[in-house]
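# A closer look at the structure
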Amino acid sequence: MRPMVGTHPVISGFHPDPSVCRVGEDYYLACSSFEYYPGVPVFHSRDLVHWTQIGNALDRPTQLRLPPDTASSGGLYAPTLRHHDGLFWLIVTNVSGDGNLIVTATDPAGPWSDPVFLPDVHGIDPDLAWDEDGTCWCTVAGVSQYRIDPKTGETLGPARKIWSGTPGALAPEAPHLHRIGAYWYLLIAEGGTERGHAVSIARGPAPDGPFEPCPANPVLTHRGTRHPVQNTGHADLVEAPDGTWWMVHLGVRARGGTPGWHVLGRETFLAPVTWEDGWPVVGEHIDGPHTAEPSRDDFDDTGLAPYWVSPRHRSPADCTTGERPGWLTLHARGASLDDTGVTFLGRRQQHLACRARALVDVAQGTGGLAVRLDERHHYAIEAGDGEVRVRARVGTLDPVVATRALPPGPVTLRVDVTPAPPGGPRTGPDTITLGTESPDGTFTELATLDGRYLSTEVAGGFTGRVIGTYAAHGTVHVDWFTYEPLE
Ligand code: 6LW
């Protein structure tokens, strides 16, 4: 396997398990979203490098039912996005409720249909592929396969095991079937989504095999290398209009000392693919965009941008614009950041160096600005009851690390994420500085904390950091929120 050269994802922040398809000159891509609502972000691109989120496939309660006790990193795993017969088809697994489900759309920006459930399709990472006579094949991790009616969710026969992957490799998953030339190619991930992750492929004469493995498997892995992008795996393939082939896959940018900590979750990367003797060869990695424009949300009354997410649930009863014109209003539901039911609105941290700020009014409650990985791993600058304080929740530790009196009136809260300078094996990936900003822009630091404790290597799970505002008690109003890449 040729190591890849680039280091930047094409879709940064936690956007793992990418599935891509093309219609004409337009590419569309969908990713896992786990316990976050709305779910399954959908992106558009014309060049596979620059992507814009155009919506979320599951954006209403009739599509996405996440029980209040949905575990962090539960919820929605690994979608497959395809275009067939003039429709976009998306299949995904809600591991915390409805299992496998299919939604369709004429416009991938939405609206997507209500789901068709597949109660008899057992397994995660479902794939959809249609053969020449219109039979729909649903292939799941393992690797097992069903013939289904995608319009009704009915299985048309028992599951069949069609490949076990590379002998001795762990967890054959993330299957994607592609008809390319005379062969059906079955792409899978193996080795688990950590440092041993890899992509393998097999081919056969029919969608249900028999399959012969590529002699060069794994066709992509970074395990055993010191490449700055690790955990590469969970891939999909797409052909460009000019006949070239491309692979999207997940990877992580672990930083700091040993073992290296990744804080942005698993991100989406791009690599070119060439074909030798009917087998794919993954080429040098294409660098994604290194910069991004700062963003500001003034929460006027036109609704929320598609990148805003909330853990498990969001309704106008607890998170709304327009209740106070020009402000976001967050009503606490009796839950704090330590609980699964917190009222929280955030966006994925997408840059290794960045700044987030929010002007909040806590006259009627308590809340603030938080960097969240899950209920047991988050740092927050919280205001209310006449003071501002920094809370650092790491596992069972939950100290208030700094407090200061807060004069009445709205206050600008700020979080700066700063990559750690090169150091020894015990260096963390970054530091997180939390404080307040006066109207003239003067920053008053309240605390600077080690970012390694908000990393996947510490917290586990499948997501990455999300930065947002929350209400712990009463009502918190947010006038604006800015996110600035500082890379
Ligand atoms: C995904 C599976 C996996 O369904 O992790 O490690 C799951 N591999 O392919 C969540 O991303």
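Residues numbered from 1 in each chain as written. Predicted model: local features only at pLDDT ≥ 70, side-chain atom pairs only at ≥ 80, totals over all residues. Heavy atoms only, no water.

### Brief notes about the domain arrangement of the protein chain
Split by domain assignment, the protein chain resolves into domain 1 (18–282) and domain 2 (296–485). Inter-centroid distance (C-alpha atoms) of domain 1 to domain 2 is 32 Å. Each partner contributes residues to the interface: domain 1 has 36 residues there, and domain 2 has 38 residues. Taking both partners together, domain 1 and domain 2 bury about 2800 Å²; carbon and sulfur atoms supply 57% of that area. Of all residues in domain 1, Y36, W261 and V263 give up the largest surface area on contact with domain 2, accounting jointly for 27% of the area buried on that side. Linking domain 1 to domain 2 there are two salt bridges. (Domains from an automatic or database assignment. Contact = heavy atoms within 4.5 Å. Buried area = accessible area lost by both parts, 1.4 Å probe. Salt bridge = Lys/Arg side-chain N within 4 Å of Asp/Glu carboxyl O.)

### What to know about unusual backbone geometry
In this chain, G110 is followed by P111 through a cis amide linkage whose omega measures 0°. Along the chain, P111 falls in the loop between β8 (99–105) and β9 (116–117). The omega torsion of the bond from T258 to P259 falls at 5°, within 30 degrees of zero and hence cis. Its place among the elements puts P259 in the loop between β21 (245–252) and β22 (267–276). Even without glycine at this site, L48 takes up a positive phi of about 70°. Along the chain, L48 falls in the loop between β4 (39–45) and β5 (52–58). (Helix = DSSP H or I, 4+ residues; strand = E, 2+ residues; numbered from the N terminus.)

### Thoughts on the sheet that holds β9
The sheet built from four strands is open, its strands ordered β6-β7-β8-β9 with antiparallel pairing. Of all the strands in the sheet, just β6 (76–84) and β9 have a single pairing partner and so form its edges. The sheet contact formed by strand β7 (residues 87–94) and β8 spans seven bridges and is antiparallel. Bridging from a neighbouring strand, N94 pairs with G99 of β8. (Pairing = 2+ DSSP bridges.)

### Focus on the site of the ligand
Around the ligand, a shell composed of D17, F34, Y77, A78, I124, D125, E173, T193, H234, R266 and F462 is seen. When the ligand sits alone it has 300 Å² of accessible area, and the protein chains cover 96% of it. Grouping the amino acids of the shell around the ligand by side-chain chemistry returns five nonpolar, two polar and four charged. (Near = heavy atom within 4 Å. Areas by Shrake-Rupley, 256 points an atom, 1.4 Å probe, with all protein chains shown as cover. Nonpolar A, V, L, I, M, F, W, Y, C, P; charged D, E, K, R; others polar.)

### Overview of the packing of aromatic side chains
This structure, assessed with the given rule, holds 14 aromatic pairs. On the numbers, 5.1 Å between centres and 80° between planes, the contact of Y28 with F88 is edge-to-face. Of this pair, Y28 sits in strand β2 (residues 26–30) while F88 sits in strand β7, and the two are 60 residues apart along the sequence. Of the two residues, Y28 and F88, neither departs from the other in class, the shared state being buried. Considering the side-chain rings of Y185 and W279, the 6.2 Å spacing of their centres and the 85° angle between planes classify their relative orientation as edge-to-face. Taken together, the positions of Y185 in strand β16 (residues 183–190) and W279 in strand β23 (residues 279–282) put the pair 94 residues apart, joining distant regions of the chain. Relative accessible area serves as the criterion here: at 3%, Y185 is assigned to the buried category. When its relative accessible area of 8% is taken as the criterion, W279 is described as buried. Among the aromatic residues, those joined into a cluster by ring pairs are F14, F34, Y36, Y77 and F462. Above the plane of the ring of Y307 lies R347, whose end atom (NZ or CZ) is 4.5 Å from the centre. The aromatic ring of F14 is capped on one face by R348, whose charged end is 4.4 Å from the ring centroid. (Phe/Tyr/Trp six-rings, centres within 6.5 Å; stacked < 30°, edge-to-face > 60°. Buried < 20%, exposed > 50% of the residue type's maximum accessible area, 1.4 Å probe, protein only. Lys NZ or Arg CZ within 6 Å of the ring centre and 35° of its normal.)

### Quick notes on the sheet that holds β23
Within the open sheet, the four strands sit side by side as β20-β21-β22-β23. Their pairing is antiparallel. Every interior strand has two partners, whereas the edge strands, β20 (230–239) and β23, have only one. Ignoring strand direction, the axes of neighbouring strands in this sheet form an average angle of 35°. Where β21 and β22 come together, seven bridges link them in antiparallel fashion. Bridge pairing in β22 links H249 to F269. (Axes fitted to C-alpha atoms, helices over the stretch in contact; angles between N-to-C directions.)

### Here we look at the pattern of salt bridges
All chains considered together, the criterion is met by 30 salt bridges. Here E35 and R372 are joined by a salt bridge, their closest N and O atoms 3.6 Å apart. Residue E35 is found in the loop between β2 and β3 (36–37), and its partner R372 is found in strand β30 (residues 365–374); the two are separated by 337 residues along the sequence. For E35, a relative accessible area of 0% corresponds to the buried category. In this structure, R389 engages E387 in a salt bridge whose closest nitrogen and oxygen atoms are separated by 2.9 Å.

### Remarks on the environment of A383
Relative to the helices and strands, A383 is located in strand β31 (residues 377–384). It is 21 Å that separates the C-alpha atoms of A383 and G326, two residues lying 57 residues apart in sequence. Contacts of A383, omitting those with residues within four sequence positions, involve V362, G365, T366, G367, V388, L406 and V411.

### A few points about the UniProt feature "active site" (unreviewed entry) in the protein chain
Under the present numbering, the feature "active site" (unreviewed entry) in UniProt falls on D17 and E173. In sequence the annotated residues extend across 157 residues, while in space they remain close, none of their C-alpha pairs exceeding 10.7 Å. Positionally, D17 belongs in the segment before β1 (19–23). Exposure remark for D17: the relative accessible area of 6% places this residue in the buried category. (UniProt positions renumbered as here; feature names shortened; annotations may be inferred.)

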